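Here's the letter readout for the chains.
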Amino acid sequence: MENPKRYLVTAALPYANGPVHIGHLAGCYIPADIYVRYLRAQKRDVKFVGGSDEHGVPITIRAMKEGITPQQVVDKFHSIIKASMTQMGISFDIYSRTSNKVHHETASAFFKKMYDDGLFEEKETEQFYDEKARTFLADRYITGTCPVCGNPNAYGDQCEKCGSTLSPEQLIDPRSTLSDAVPVKRKTKHWYFPLQNYEPWLKTWILEGHTEWKNNVFGQCKSWLDNGLQSRAMTRDSNWGIKVPLPDAEGKVLYVWFDAPIGYISATKELTEQWADYWCQEDTKLVHFIGKDNIVFHCIIFPAMLKAHGGFVLPDNVPANEFLNIEGEKVSTSRNWAVWVNEYVKDFPGCEDVLRYVLCANAPETKDNDFTWKDFQDRNNSELVNIFGNFVNRTWVLMHKLCGGKVPKLHEDILDEKDKILIEEIQTAKVKIEKNIEEFKFRDALFEVIDLSRKGNKYMQEKEPWIVAKQLAENPLAQKSIDNCLHLCLQLTANLAIFINPFLPTTATKMLGMMKVVDKMLDWNNAGKIKLLSIGYSLREPQLLFRKIEDAEIAAQVQKLKSGLVKTTEQKMEETKQPAEVQPASNLKPEIVYDDFDKIDLKVGTIVTAEKVEKADKLLKLQIDLGFEVRTVVSGIALHYQPEAIVGKQVVVVANLAPRKMRGIESNGMILMSEDKAGKLHFVSPESITDNGSGVK
Ligand SMILES: [Zn+2]
């Protein structure tokens, strides 16, 4: 949408059944917050709404297991989640909750209008029921023996051991996870939303009208639409949730995925009396930030609901991210394999911006990505401390030493080529950062900010004001040269504060303090200008923006993660009353078929050159001869091999891997390495020398 009059930005409603982890932050809260802070700096009209999703079966089950009420469960986690959001600087205009009265009324009215318009199908079906716990059972809450592999703890929807998709009927000896009772079938009536009626419209709206959506989002929508849509029940049997507003609907509530997205509307109502401007005016740009598991609900079901109800705007974009894995494994809350935000802020006080930085620089924007504590440390120490922080600190120290703590003059008469290039770089960076943010490419935008500070370091290194200072007696232009260098470095710092602000707001505020200027300087309007700090203005003493993160802190986090895993595995064994030896620890990934393997193109190649990558102590930049071409590959092996020792070595390369930029260098492939128990890496090489370019099967 070109030049919308106002923006409404939403971030997925976290489920109030546990705290949030860094996968949630990386998936939608940090990207949404960056986008919103950028729009606010642009002085555009924007509202950022969110809240806790507090209904659904898992909450009632948790309450039952802990012997408390569902309300107590959601009260506890809503306040933990809300505090985590505030601590991480996620700047919602309102963070509400779906148990609020206004939401119950809004969702209820929404359902009633659709019902009155005759948009639901009423169907009676048979469903499994737990007579002891007196509740209907979702498939997930029925366990039994897997008919495929014999796993005694398969779920009613899936066997986690062999991966088979199941239905409760297929389980041998099924029982309820709530009471251990044998489930029985009971008749129940529900209201179904016939999604297939909206299929032609959805096809036109998405597949023709929104080709600009991210590939992962567009692809998932296309696959749903190609497979054909079906009626979906919009009500459930439960006593926890929004009561179905019809007579004869005792014990029935709205399906949580019917009511939750309406929560965005309710939250906007709570926020402003002008809520209808944001929801009902065509010139509003509505953007939903979510994780990939929510794509179908935000791109297909909710828009179909909005369309069916009528009178609301539809999302203009849904920039969903993929998943963030931790140390090479999928996040699992049941195994406690996660980095919890409420624990991070305690373990790393004052380092909220570091986490924001790492989760954006390594965001799973186009594919699943991996978070490792080592990478967290490397990015902090080499990028934030050594590049960005170092540039700002050097500028401040030298300005105090060589210019009396004041903004020096800019002598236009002696501006040289390097000065002019730096000024141009600031302006170019602005254009690139804007374009990337508007296209939801936050990683690339952040890279440009860091790259600009890297250019500042290079400029200062070339101008060497501390050397020029030794020539003050004999060289009449020396002071002018120093002035120009530091003047431009200070103006660059002011620009960096504007550029970093959407990403690392606390850091930007610290920089404002050093410059003794007010928030207004951060207006995006000011970006690219080199007259932000007035000549002669005196500035404060430097303040360290980032601190180094030590090996011991990282080791402690890895230990914490692994011990959490052990503990919950023990608890699980306790629960399932399985002797330990029955469950061997396996680190195998899920089974694949040959076709999956066949997609990988492995080739033998010879390393022809190897060199260290500046400021990245793990990385080597390699040129590899693949027979048909010589490729640049960046490889994280610098801690294990000296560059000179591996030239001439034959290795196996994943030759059809999508290119990836690492520290500004495009890497075109990956070398196969084997990692031993001690974490040491070993090359996987042909047993005898062979032709470069030979395939590996
Ligand atoms: Zn199985």
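Residues numbered from 1 in each chain as written. Predicted model: local features only at pLDDT ≥ 70, side-chain atom pairs only at ≥ 80, totals over all residues. Heavy atoms only, no water.

Colleague: Describe in detail the side chain of Asn 457, supporting the description with residues and values.
Modeller: Along the polypeptide, Asn 457 turns up in helix 14 (residues 442-463). When neighbours within four sequence positions are excluded, Asn 457 is seen to be in contact with Asn 386, Ile 387, Asn 390, Phe 391 and Arg 394. (Helix = DSSP H or I, 4+ residues; strand = E, 2+ residues; numbered from the N terminus. Contact = heavy atoms within 4.5 Å.)

Colleague: Tell me what's going on with a nonpolar patch on the surface, and back it up with residues and numbers.
Modeller: Among the surface-exposed residues, Ile 592, Tyr 594, Phe 597 and Ile 600 lie close enough to one another that they form a single nonpolar patch of about 410 Å² accessible area. Inspection of the secondary structure puts Ile 600 in the loop between helix 19 (594-598) and strand 16 (602-612). (Patch = residues over 30% accessible without salt bridge, like charges linked within 9 Å, V, L, I, M, F, W, Y side chains within 5 Å. Areas by Shrake-Rupley, 256 points an atom, 1.4 Å probe, with all protein chains shown as cover. Salt bridge = Lys/Arg side-chain N within 4 Å of Asp/Glu carboxyl O.)

Colleague: Any chance you could break down the environment of Leu 522 for me, citing the residues and the numbers?
Modeller: By the secondary structure assignment, Leu 522 is in the loop between helix 17 (505-515) and helix 18 (551-576). Judged by its relative accessible area of 9%, Leu 522 falls in the buried class. Between the alpha carbons of Leu 522 and Ala 616 there is a distance of 31 Å; along the sequence they are 94 residues apart. Residues within four places of Leu 522 in sequence aside, it is in contact with Ala 41, Ala 497, Ile 498, Asn 501, Ala 508 and Leu 512. (Buried < 20%, exposed > 50% of the residue type's maximum accessible area, 1.4 Å probe, protein only.)

Colleague: Which residues make up the sheet that holds strand 13 (residues 284-289), and what values do they have?
Modeller: Reading across from one edge, 3-2-1-13 is the order of the four strands in this open sheet, with parallel pairing throughout. Edge strands, defined here as strands with exactly one partner in the open sheet, are strand 3 (94-97) and strand 13. Strand-to-strand, the axes of this sheet are offset by a mean angle of 20°, without reference to chain direction. Here strand 2 (residues 46-52) runs beside strand 3; their pairing, made up of four bridges, is parallel. Residue pairing for strand 3: Gly 51 is matched across the bridge by Ser 96. Across the sheet, helix 3 (residues 70-87) is in contact with strand 2 and strand 3; its angle to strand 3 comes to roughly 165°. (Pairing = 2+ DSSP bridges. Axes fitted to C-alpha atoms, helices over the stretch in contact; angles between N-to-C directions.)

Colleague: Which residues make up unusual backbone geometry, and what values go with them?
Modeller: Although it is not a glycine, Arg 134 adopts a positive phi angle of roughly 50°. Positive phi, close to 70°, is recorded for Asp 248, a residue that is not glycine. Along the chain, the position of Asp 248 falls in the loop between strand 11 (235-237) and strand 12 (252-254).

Colleague: Quick one: what's the story with the coordination of the zinc ion, residue by residue and with numbers?
Modeller: Every protein donor of the zinc ion is listed here as Cys 146 (SG), Cys 149 (SG), Cys 159 (SG) and Cys 162 (SG), and their distances to the metal cover 2.3 to 2.4 Å. Read N to C, the donor residues that coordinate the zinc ion are spaced as C-x2-C-x9-C-x2-C. Of this pair, Cys 149 sits in the loop between strand 6 (142-145) and strand 7 (154-155) while Cys 162 sits in the loop between strand 7 and strand 8 (172-176), and the two are 13 residues apart along the sequence. (Donors = N, O, S within 2.8 Å, 3.2 Å for Na, K, Ca; no water.)

Colleague: Talk me through the nonpolar core; I want residue IDs and the actual numbers.
Modeller: In this structure, Phe 258, Phe 371 and Phe 376 are the most contacted members of the largest nonpolar core, which totals 169 residues. Considering each element in turn, this core owes the most residues, 14 residues, to helix 16 (residues 478-500). Ala 610, Leu 622, Tyr 641 and Val 653 belong to the second-largest nonpolar core, a separate cluster that totals 16 residues. (Core = buried A, V, L, I, M, F, W, Y, C linked by side-chain atoms within 4.5 Å.)

Colleague: I'd like a description of the sheet that holds strand 8, backed by residues and values.
Modeller: Spatially, 7-6-8 is the arrangement adopted by the three strands of the open sheet, whose pairing is antiparallel. Looking along the sheet, the strands with just one partner apiece sit at the ends: strand 7 and strand 8.

Colleague: Got a sec to walk through the environment of Asp 416? Specific residues and values, please.
Modeller: Positionally, Asp 416 belongs in the loop between helix 12 (373-402) and helix 13 (417-438). Considered as a pair, Asp 416 and Asp 116 are 300 residues apart in the sequence and their alpha carbons are 74 Å apart. At 2.9 Å, the side chain of Asp 416 and the backbone nitrogen of Asp 419 are in polar contact. (Polar contact = N/O pair within 3.5 Å; in protein donor to acceptor, adjacent residues only side chain to side chain.)

Colleague: A description of helix 9 (residues 295-309) should follow, citing residues and the corresponding values.
Modeller: One full turn of an α-helix is made of 3.6 residues, so residues set three or four places apart face in the same direction. Look at helix 9: 20 Å from first C-alpha to last across 15 residues, which is about the 21 Å you get at 1.5 Å a residue. The sharpest bend along helix 9 comes to roughly 30°, located at Phe 302, with the proline Pro 303 sitting one to four residues further on. Of all 15 residues that make up helix 9, 14 are buried, and the element is covered over most of its length. Within two residues after helix 9, Gly 310 carries a phi angle of roughly 85°, on the positive side. (Expected span 1.5 Å × (residues − 1). Bend = angle between axes of the 7 residues up to and from the residue.)

Colleague: Which residues make up the packing of aromatic side chains, and what are the values?
Modeller: Aromatic rings considered in pairs are described by the distance between their centres and by the relative angle of their planes. Following the criterion strictly, the structure yields 32 aromatic pairs and no others. Measuring from centroid to centroid gives 5.0 Å for Tyr 38 and Trp 524, while their planes differ by 80°, and the two rings are edge-to-face. You can see Tyr 38 sitting in helix 1 (residues 22-41) and its partner Trp 524 sitting in the loop between helix 17 and helix 18, a full 486 residues away along the chain. Accessibility assignment for this pair places Tyr 38 and Trp 524 in one class, buried. Where Phe 371 meets Phe 376, the ring centres are 6.2 Å apart and the plane angle is 50°; that geometry is what we call tilted. The exposure class of Phe 371 is buried, given its relative accessible area of 1%. Residue classification places Phe 376 among the buried residues on the basis of a relative accessible area of 0%. Each member of the aromatic cluster is reached from another via a ring pair, and the members are Phe 110, Phe 111, Phe 120, Phe 193, Tyr 198, Phe 258, Trp 279 and Phe 312. Above the plane of the ring of Tyr 255 lies Arg 236, whose end atom (NZ or CZ) is 4.1 Å from the centre. (Phe/Tyr/Trp six-rings, centres within 6.5 Å; stacked < 30°, edge-to-face > 60°. Lys NZ or Arg CZ within 6 Å of the ring centre and 35° of its normal.)

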